[in-house]
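# Architecture and fold: a report
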Amino acid sequence: MRIVLLGAPGAGKGTVAKSLTEFDGSVQISTGDILRNAVKAGSELGKKAKGYMESGALVPDDLIMDIMEVRMKEPDCQKGFLLDGFPRTIPQAEALKKLLEKIGMKLDAAINLDVPTDVILDRLTTRRTCSNPDCQEIYNIKSKPPKPDGTCFKCGSPAVQRADETEEAIKHRLATYNEKTAPLIDFYKKEGLLITIASLDSMQIRDDIIKALKK
Ligand code: ADP
Ligand code: ZN
């Protein structure tokens, strides 16, 4: 499947993308993960992106498109892809449309994970992420806690609160989402690609998506 996942920070795009990957072998492409790895590695891209990310602002569109132009042409994308955290702005959505035309691919759907704001806020403040860049397992101090000593069950590295998950950064991210990313819902509605999913449980969401795609 070739899908764009839309939804506010904390809507569960990453979790849903992972479970869909297991379903049909499509690759998950998370611009957030690519950028965080670049920051960790201290690459040129990472140096440019770091300040924006920590404050909860968006990284400039041209930088994102440079990454995605390269990524979407890699052979594993032929199996299908789940775009998680991209596009994030109307210019990115327009650029993606052009890029897909150029490489002869079509989107199956844009899936909007529609989650109430109070649920989003609760999830973001309780989220912890494994600090090992090769693992990045996601925990939640209420519903899926890491080991009692705060480390990851999978790899043993500390599970930490991301720099952009402080209360101030979260507010900034949600405001940025409403201003820059929410307009994509209308963009994809006009393209005839929008599917809205209101379930909150990740397995239910996965089933709803698979059902909607069959129609
Ligand atoms: P979230 O949990 O907010 O969905 P992500 O992990 O997708 O966060 O992204 C983390 C940060 O990386 C964003 O706050 C932003 O600074 C940057 N980022 C990720 N994807 C994009 C994008 N498509 N355009 C611009 N900035 C991006
Ligand atoms: Zn881990």
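Below you will find a few notes about this structure. Just so it is clear, the structure is predicted and the values come from calculations on it, not from any experiment.

### Examining the site of ligand 1
Among the 18 residues in the neighbourhood of ligand 1, the closest are listed as Thr 31, Arg 36, Ala 57, Gln 92 and Arg 173. At 2.7 Å, a side-chain N or O of Thr 31 approaches a nitrogen atom of ligand 1. Relative to its free-state accessible area of 550 Å², ligand 1 is covered by the protein chains to the extent of 95%. The dominant element in the shell around ligand 1, judged by the number of residues it contributes, is helix H2 (residues 31–41), at four residues. Of the residues assigned to the shell around ligand 1, the class counts are eight nonpolar, four polar and six charged.

### Observations concerning the pattern of salt bridges
Under the definition given, this model contains 17 salt bridges. Of the charged contacts in the structure, one is a salt bridge between Lys 47 and Glu 44, with a shortest N-O distance of 3.7 Å. Linking Lys 47 with Glu 44, this pair stays in helix H3 (residues 44–55), spanning three residues, or about one helical turn. Note that Glu 165 and Arg 162 form a salt bridge whose closest N and O atoms lie 3.8 Å from each other. The exposure class of Arg 162 is buried, given its relative accessible area of 17%. One continuous salt-bridge network, built from bridges that share partners, spans Arg 127, Arg 162, Asp 164, Glu 165 and Arg 173.

Parameters at a glance
Residues numbered from 1 in each chain as written. Chains lettered and ligands numbered in written order. Predicted model: local features only at pLDDT ≥ 70, side-chain atom pairs only at ≥ 80, totals over all residues. Heavy atoms only, no water. Near = heavy atom within 4 Å. Polar contact = N/O pair within 3.5 Å; in protein donor to acceptor, adjacent residues only side chain to side chain. Areas by Shrake-Rupley, 256 points an atom, 1.4 Å probe, with all protein chains shown as cover. Helix = DSSP H or I, 4+ residues; strand = E, 2+ residues; numbered from the N terminus. Nonpolar A, V, L, I, M, F, W, Y, C, P; charged D, E, K, R; others polar. Salt bridge = Lys/Arg side-chain N within 4 Å of Asp/Glu carboxyl O. Buried < 20%, exposed > 50% of the residue type's maximum accessible area, 1.4 Å probe, protein only.

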